[in-house]
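Examining the three-dimensional arrangement
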Amino acid sequence: MKHVQLHDKRFKLSIPSEHIQGAISAMGAQLSKDLEGDTPLFLGVLNGCFRLAGDLLANYDGPCDVTFVKVASYEGTRSTGEVKRIIGLDVPVKGRTVVVMEDIVDTGHTIEQILYDLEGRGAEKILIATLLFKPKAYKGHVPMDYGALEIPNDFVVGYGMDYDGLGRNLNDIYVLDEDHHMKNIILFGPPGAGKGTQSALLTERFEMVHLSTGDIFRANIKGETELGQLAKGYMDKGELVPDDVTIRMLEAEVLKHPEAKGFIFDGFPRTPAQAQALDVFLESKGTHIHQMIALEVEEEELVQRLLERGKDSGRADDADESVIRNRIRVYEEQTAIVAEHYDAQDRFTAVDGIGSIEEINERLAKIIA
Ligand code: AMP
């Protein structure tokens, strides 16, 4: 099996060049047929599309214009999130058929913003021609008009796509060789489900790094840092610390462990925004969440466990039953939904959280192994 090494990561062959060329030639033939009599504008989104553009156009028969753009990101408002706009478009698109050429459509965020931009400029018909499409990652609404190859939700390089700048020149497409890389697990579940206890055992067994946002906040409170002071007000009431603060803190903690073989995230992500931020952050590091494992325990058992723990944990939020119940309510109202995020990616497993510590540990270890 063919492998390439790019920076610190090893990638294995996923789609050989002949297969890519076959798919592009079929896409070119279909476009030539569908757009007969029209003079479309082929618009490539740099940098990733440069290989696809060359080969697709070589397989397109009719007259056409060709241009290339880049996409720039801006901070939008809270409700719009990150906004992307086309830059460098030097050809009028008003009233024309535009074929947008993309190397890969992942979440769909970029392509939807490109379509919105082109519609605003008066394009009459907009078609998407993408070499790769990740149906499991896609959150957009528009269909892929010409999607050559569907792939799983894995990190790929080659044929225009890069890992931190390298790999665009490769003729084949490669996927991250997971056997050689880290495994990242989210241990999920309500307060008192046993996440902390189980994480400690699992990190020993699998040589992973345990990151508990609750523990990091408590260390900051103890150290009387500014972050600790901010977090304390929320924690004492059993409320969530705001997303922006928590996300920044978590990312900084991950960066402190460049040699880690994997992470067990405990207590994070607790909101859909945190989950999205974690996905984007891990992707930028060439990795992702491999599995979210949820420990299932019913409410009365949770309350009893936390009251018991409160007798000697010294945690203010374990001492008061009304704070405990509020934490469970916050979990149900704001956090439980995060499971759907990973379920939609086929990366979610629920485990019975009742039993001895060792029994539950075996259940978890089996899934991780
Ligand atoms: P834990 O130790 O996981 O039970 O967390 C204790 C408290 O820390 C929570 O009740 C929250 O106030 C805060 N906290 C921990 N993790 C997060 C997070 N991911 N997002 C927001 N707040 C958090």
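Predicted, not measured: the structure shown is a model, and the values here were computed from it.

1. Observations regarding the packing of helix α5 (residues 213–222) against helix α6 (residues 226–237)
The relative placement of two packed helices is expressed as an angle between their axes plus a distance between the axes. Axis separation between α5 and α6 bottoms out at 8 Å; the angle between their running directions is 120°. Considering their axes alone, α5 and α6 lie oblique with respect to each other. When you trace α5 past α6, the crossing you get is left-handed. Across from G214, F217, R218, N220 and I221 in α5, the residues of α6 making contact are L227, G228, A231, K232 and M235. A class-by-class count of the residues in the contact of α5 with α6 yields five nonpolar, three polar and two charged.

2. Structural notes on unusual backbone geometry
Looking along the chain, the bond that leaves L46 and enters N47 is cis, with omega of 0°. The phi dihedral of Y159 is positive, around 45°, even though this residue is not glycine. Along the polypeptide, Y159 turns up in the loop between β9 (156–157) and β10 (173–176). Phi is positive for D346, close to 65°, though the residue is something other than glycine.

3. Re the pattern of salt bridges
Two side chains of opposite charge can pair, provided their charged atoms sit close to one another. For the structure on display, the rule yields 24 salt bridges. A salt bridge links D65 to R96; the nearest nitrogen and oxygen atoms lie 2.7 Å apart. Of this pair, D65 sits in strand β4 (residues 65–75) while R96 is found in the loop between β5 (82–87) and β6 (97–105), placing the two residues 31 residues apart along the sequence. Look at D65 and you get partly exposed, because its relative accessible area is 34%. Linking R121 and D117 is a salt bridge whose minimum nitrogen-to-oxygen distance equals 2.7 Å.

4. Here's the deal with the site of the ligand
Not every one of the 16 residues close to the ligand is listed here, only the nearest: T213, R218, E239, G267 and Q274. Interatomic distance of 2.8 Å between a backbone N/O atom of G267 and a nitrogen atom of the ligand. Within the side chain of R315, a nitrogen or oxygen atom sits 3.2 Å from an oxygen atom of the ligand. Here the ligand, which alone exposes 480 Å², has 96% of that area covered by the protein. Here the ligand is seated within the second largest pocket. Of the residues forming the shell around the ligand, the biggest block, four residues, is contributed by α5.

5. Notes on the sheet that holds strand β12 (residues 209–212)
Across the sheet, which stays open at both edges, the five strands sit in the order β12-β13-β11-β14-β15 with parallel pairing between neighbours. One side of each edge strand has no neighbouring strand; the edge strands of this open sheet are β12 and β15 (348–352). Strand after strand, the sheet turns through a mean of 20° between neighbouring axes, direction not considered. Sheet topology note: the strand β14 (residues 291–296)/β15 ladder contains five bridges and is parallel. Bridge assignment links A294 to a residue of β15, and that residue is A350. Of the strands in this sheet, β11 (183–188), β12, β13 (262–266) and β14 touch helix α4 (residues 195–206), which is tilted by about 170° from β13.

6. Here's the deal with the domain arrangement of the protein chain
Taken domain by domain, the protein chain holds domain 1 (3–178) and domain 2 (182–368). Using C-alpha coordinates to define each centre, domain 1 is positioned 37 Å away from domain 2. Residue-level contacts link eleven residues of domain 1 with 13 residues of domain 2. Where domain 1 abuts domain 2, roughly 920 Å² becomes buried across the two surfaces, and 38% of that area is made up of carbon and sulfur atoms. At the junction of domain 1 and domain 2, the tally comes to two salt bridges. Classifying every residue of the side of domain 1 that touches domain 2 by side-chain character gives three nonpolar, one polar and seven charged.

7. Quick word on the sheet that holds β10
If you walk across this open sheet you meet the four strands as β1-β2-β10-β9, and the pairing is antiparallel. Every other strand in the sheet has two partners, leaving β1 (3–6) and β9 as the edge strands with one partner each. As judged from the four bridges shared by strand β2 (residues 9–15) and β10, these two strands associate in the antiparallel manner. The residue of β10 that forms the bridge with F11 is L176.

8. Description of a nonpolar patch on the surface
Among the surface-exposed residues, L46, F50, V66 and F68 lie close enough to one another that they form a single nonpolar patch of about 310 Å² accessible area. Relative to the assigned elements, V66 resides in strand β4. Assessed through its relative accessible area of 40%, V66 is described here as partly exposed.

Rules and cut-offs
Just so you know, the residues in each chain are numbered from 1, in the order the chain's sequence is written. With pLDDT at 70 or above as the cut-off, local features in this predicted model cover only qualifying residues; side-chain atom pairs require 80 or more to be listed or tallied, and sums for whole chains, interfaces and linings still use all residues. For the side-chain quantities, the full set of heavy atoms in the structure was used; hydrogens and water were omitted. To get an axis, a line is fitted to the C-alpha atoms, and for a helix only the part in contact is used. The angle between two axes follows their N-to-C directions and goes from 0 to 180 degrees. Under the DSSP-based scheme used, a helix requires at least four consecutive residues in state H or I and a strand at least two consecutive residues in state E, with every element numbered from the N terminus. Angle categories are assigned with fixed cut-offs, so that under 35 degrees is roughly parallel, over 145 is roughly antiparallel, 65 to 115 is roughly perpendicular, and the rest are oblique. The handedness criterion is simple: a crossing whose near helix is rotated anticlockwise from the far helix by less than a right angle is left-handed, and one whose near helix is rotated clockwise is right-handed. Contacts: residue pairs with any heavy atoms within 4.5 Å of one another. In this count, Pro and Cys sit with the nonpolar residues alongside Ala, Val, Leu, Ile, Met, Phe, Trp and Tyr, while Asp, Glu, Lys and Arg are called charged and the others, Gly among them, polar. We define a salt bridge as a contact between a side-chain nitrogen of Lys or Arg and a carboxyl oxygen of Asp or Glu at a distance within 4 Å. For every residue, the accessible area obtained with a 1.4 Å probe (protein chains only) is divided by the maximum for its type, and the residue is called buried under 20%, exposed over 50%, and partly exposed between those limits. Nearness here has a simple test: a residue counts as near a molecule or strand if at least one of its heavy atoms is within 4 Å of that partner. Polar contact is defined as a pair of N or O atoms within 3.5 Å, subject to the rule that within protein one atom must be able to donate a hydrogen and the other to accept it, and that residues adjacent in sequence are counted only when both atoms are side-chain atoms. Using the Shrake-Rupley algorithm and a 1.4 Å probe, accessible areas are obtained, with residue cover drawn only from the displayed protein chains. Using protein atoms alone on a 1 Å grid, points that fit a 1.4 Å probe yet trap it form a cavity, whereas open point sets bounded by protein on both sides within 12 Å along at least five of seven lines form a pocket; residues with an atom within 4 Å of a point count as lining. Any molecule with more than half of its atoms within 2 Å of a cavity's or pocket's grid points is counted as sitting in it. What makes two strands pair is DSSP finding at least two bridges between them. The source of the domain bounds is an automatic or database domain assignment. Buried area, as used here, totals the accessible surface that two parts lose on assembly, with accessibility defined by a 1.4 Å probe and the loss added over both. Residues with no salt bridge and a relative accessible area higher than 30% make up the patches, which join like charges within 9 Å and nonpolar side chains (Val, Leu, Ile, Met, Phe, Trp, Tyr) within 5 Å.

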